[in-house]
Amino acid sequence: MASKAEKKKKPEKVPEKILILGGTREASILAGELVAAGHDVSTSLAGRTKEPEPIAGKLRIGGFGGAEKLAAFLTREGFTRMIDATHPFAEKISANAIEAAAIANIPLDIRLRKPWRKIPGDQWIEVMSLEEARDILPTGARALLALGSQHINVFASRDDVHFVVRMVDKPEEPLTLPRHDVIMMKPGDVASEKALFASHRLTHIVSRNSGGKGAQAKLAAARELGLPVVMIQRPILDKAE
Ligand code: NAP
């Protein structure tokens, strides 16, 4: 007969073979937790960042070639679970993940960041697209574009606005913005964001509502300085809401 201690013992979780669709800080943290819990974890990156930070478990880099090929990869490699921990604006891969999990018949966990919520003191101008953000900036504005490099050229027609572009990797092509400064740095804490906004005499911050802690300081800095934030809302069907 089982002893009292044995009866109390929680059932051990069976180790799983998990594919994390990553590319976010949260995905890397999750990989560490799942590896520590004894699972066989692989993280998949699209390959956009030149030097990704080390991630626990195995790493694969590059697109799969669509949902069917992702499904074939899952089956061939014997994955028992997939987790979508991609950026909330990475729409294509999230749609592919849903389709592939259905084809491969494995569970899919969706772990996207929750969007930021406006709090008292925030002056958000909420828009639905990059184009709307571009058009809403007033003449003479000095705007921080807190956006990925692939989204910057949308603003090129605004020769009446001075842009400050913050980047982590050097752009492969020169930016087509008529008037701009490029700063090569990661987002900092509230104090350093405030100092940056003041030194560039910014009047507006342009951001997508990505959520997460990493890039949140700019919102607090804008609130404290009374700067408006042109906030681009998420794609239509947001599963993290
Ligand atoms: P996307 O538009 O949803 O995906 C475009 C294609 O890139 C996908 O169809 C897929 O190619 C490939 N891909 C995307 N994520 C992948 C992944 N994790 N592993 C393998 N292939 C992937 O994605 P995106 O907006 O370009 O974002 C790419 C990656 O950067 C994502 O992993 C995302 O988490 C990260 N990221 C994105 C943003 C953003 O603003 N969008 C910001 C920070 C980080 P195939 O169809 O060939 O499989």
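Above: the structure in question.
Here the residue numbers are simple positions, counted from 1 along each chain's written sequence. Local features in this predicted model are restricted to residues of pLDDT 70 or higher, and side-chain atom pairs are both shown and tallied only at a pLDDT of 80 or more, whereas totals for entire chains, interfaces and linings draw on every residue. As a convention, hydrogens and water are excluded, and side-chain values are obtained from all of the structure's heavy atoms.

Draft legend 1. Molecular detail of the sheet that holds strand β1 (residues 17–21). Spatially, five strands are ordered β3-β2-β1-β4-β5 in an open sheet, and the strand pairing comes out parallel. Every interior strand has two partners, whereas the edge strands, β3 (58–61) and β5 (108–110), have only one. The sheet shows a mean angle of 20° between the axes of neighbouring strands, taken without regard to direction. When DSSP locates at least two bridges between a pair of strands, those strands are taken to pair. Helix and strand assignments come from DSSP, with helices taken as H or I runs of at least 4 residues and strands as E runs of at least 2, each series counted from the N terminus. Sheet analysis places strand β2 (residues 40–45) next to β3, joined by four bridges and oriented parallel. What sits directly across from S44, in β3, is R60. Note on contacts: a residue pair is in contact if any heavy atoms of the two residues lie within 4.5 Å. All axes are obtained by fitting lines to C-alpha atoms, using only the stretch in contact for helices, and the reported angles, taken between N-to-C directions, cover 0 to 180 degrees. In this fold helix α2 (residues 25–36) packs onto β1, β2 and β4 (81–84), with an angle of close to 170° to the strand it touches most, β1. Sitting on the sheet, helix α3 (residues 67–77) touches β1, β3 and β4, and the angle it makes with β1 is about 155°.

Draft legend 2. Inspection of the nonpolar core at higher detail. Core analysis: the largest hydrophobic core is formed by 19 residues, its most contacted members being L145, F155, F163 and V206. Here this core takes three residues from strand β8 (residues 162–167), the largest share from any one element. We call a set of buried Ala, Val, Leu, Ile, Met, Phe, Trp, Tyr and Cys residues a nonpolar core when their side-chain atoms join them within 4.5 Å. Note on classification: 1.4 Å probe, protein chains only; a residue is buried when its accessible area is under 20% of the maximum for its type, exposed when over 50%, partly exposed between these limits. Counting 15 residues, the second largest nonpolar core, distinct from the first, contains W116, I183, I205 and M231.

Draft legend 3. How the structure looks around the packing of aromatic side chains. Under the pairing criterion, centres of Phe, Tyr and Trp rings, with the six-membered ring standing for Trp, must be within 6.5 Å; the plane angle then separates stacked pairs below 30 degrees from edge-to-face pairs above 60, leaving the rest tilted. Tallied over the full model, the rule gives three aromatic pairs. Ring centres of F64 and F73 lie 5.3 Å apart, and the angle between their planes is 50°; this geometry places the pair in the tilted category. The pair formed by F64 and F73 is uniform in burial state, with each residue classed as buried. Following the ring pairs from residue to residue traces out a cluster consisting of F64, F73 and F79. Over the aromatic face of F79 sits the side chain of K17, whose NZ or CZ is 5.1 Å from the ring centroid. Think of it as a cone above the ring: NZ of Lys or CZ of Arg counts as a charge over the ring if it is within 6 Å of the ring centre and within 35 degrees of the ring normal. Over the aromatic face of F73 sits the side chain of R60, whose NZ or CZ is 5.4 Å from the ring centroid.

Draft legend 4. The arrangement of the side chain of E193 in detail. By secondary structure assignment, the location of E193 is in helix α6 (residues 190–199). Other than its neighbours up to four places away in sequence, E193 contacts R166, P187, G188, A217, K218 and A221.

Draft legend 5. Up close: α3. Along α3, the residues that are buried comprise A67, L70, A71, F73 and L74. Projected onto a plane normal to the axis of α3, the buried residues spread over an arc of 160° and lie on a single side. In this structure, α3 carries E68, K69, T75 and R76 as exposed residues pointing more than 90 degrees from its buried face. Looking at the buried side of α3, the elements it contacts are β1, β3, β4 and α4 (91–104). To be clear, the arc concerns the directions from the helix axis to the C-beta atoms.

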